[in-house]
Amino acid sequence: ALLFFYELMWWCTIVPMNRLIRKNFGFIYKVRGKALYMIVIACLCIGIDGNILGENNWLKWVAGIGWMATGIFIVFATCAAPTVFANYNSPTAGFPGSDPVEPLNETV
């Protein structure tokens with residue numbers, strides 16, 4: 001769900017949600033942070049007890065290997081060709097200096 005809502009910010013920015021996700025899960029707003037998150041999710045998938053899945057035990061391996069391969073590929077890509085990700089900008093709506101979807105008018 002975390003990755004889904006982060007990716008949703010690219011299509012329709014919801015300012016309060018963007019602030020909440022960035023405050024609590026700021027690591028996902030960088031390319032390597034997202035890749036490491038995928039690797040952690042892969043470990044969680046592979047670590048699921050086989051008794052829970054029953055006949056669908058293969059599913060944990062498919063999902064885990066898929067997440068792991070994607071995460072490792074992104075880490076490798078950021079190390080091998082950092083210029084590809086040089087222009088990467090994460091969603092910034094709701095923060096000072098961002099493209100205003102909704103003006104930031106908060107008083108403390």
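Our subject in this report is the structure included herewith. Bear in mind the structure is a predicted one, so any value in this text is a computation, not a measurement.

**A word on the overall build of the protein chain**
Move 1: Each helix and strand in the protein chain was counted, giving five helices and zero strands.
Move 2: Counting contacts in the protein chain only where the partners sit at least 6 residues apart, residues at least 24 apart contribute 63% of the total.
Move 3: Approximately 7500 Å² of the protein chain is accessible, and the part contributed by carbon and sulfur atoms is 67%.

**Quick word on helix H5 (residues 58–80)**
Move 1: In a regular helix each residue adds 1.5 Å, so 23 residues correspond to 33 Å; H5 covers 32 Å between its end C-alpha atoms and thus fits that length.
Move 2: Each element contacted by the buried residues of H5 is listed here: helix H3 (31–46) and helix H4 (50–53).

**Observations regarding the side chain of Thr78**
Move 1: Mapped onto the elements of the fold, Thr78 is located in helix H5.
Move 2: One polar contact links Thr78 to Arg32, side chain to side chain, over a distance of 3.1 Å.

**Focus on the packing of aromatic side chains**
Move 1: Within the structure shown, the criterion is met by two aromatic pairs.
Move 2: On the numbers, 6.1 Å between centres and 40° between planes, the contact of Phe27 with Tyr37 is tilted. Note that Phe27 is positioned in the loop between helix H2 (15–24) and H3 and Tyr37 in helix H3, a separation of ten residues in sequence.
Move 3: Every member of this aromatic cluster is reached through a ring pair, and the members are Phe25, Phe27 and Tyr37.

Criteria and cut-off values
- Residues numbered from 1 in each chain as written.
- Predicted model: local features only at pLDDT ≥ 70, side-chain atom pairs only at ≥ 80, totals over all residues.
- Heavy atoms only, no water.
- Helix = DSSP H or I, 4+ residues; strand = E, 2+ residues; numbered from the N terminus.
- Contact = heavy atoms within 4.5 Å.
- Areas by Shrake-Rupley, 256 points an atom, 1.4 Å probe, with all protein chains shown as cover.
- Expected span 1.5 Å × (residues − 1).
- Polar contact = N/O pair within 3.5 Å; in protein donor to acceptor, adjacent residues only side chain to side chain.
- Phe/Tyr/Trp six-rings, centres within 6.5 Å; stacked < 30°, edge-to-face > 60°.

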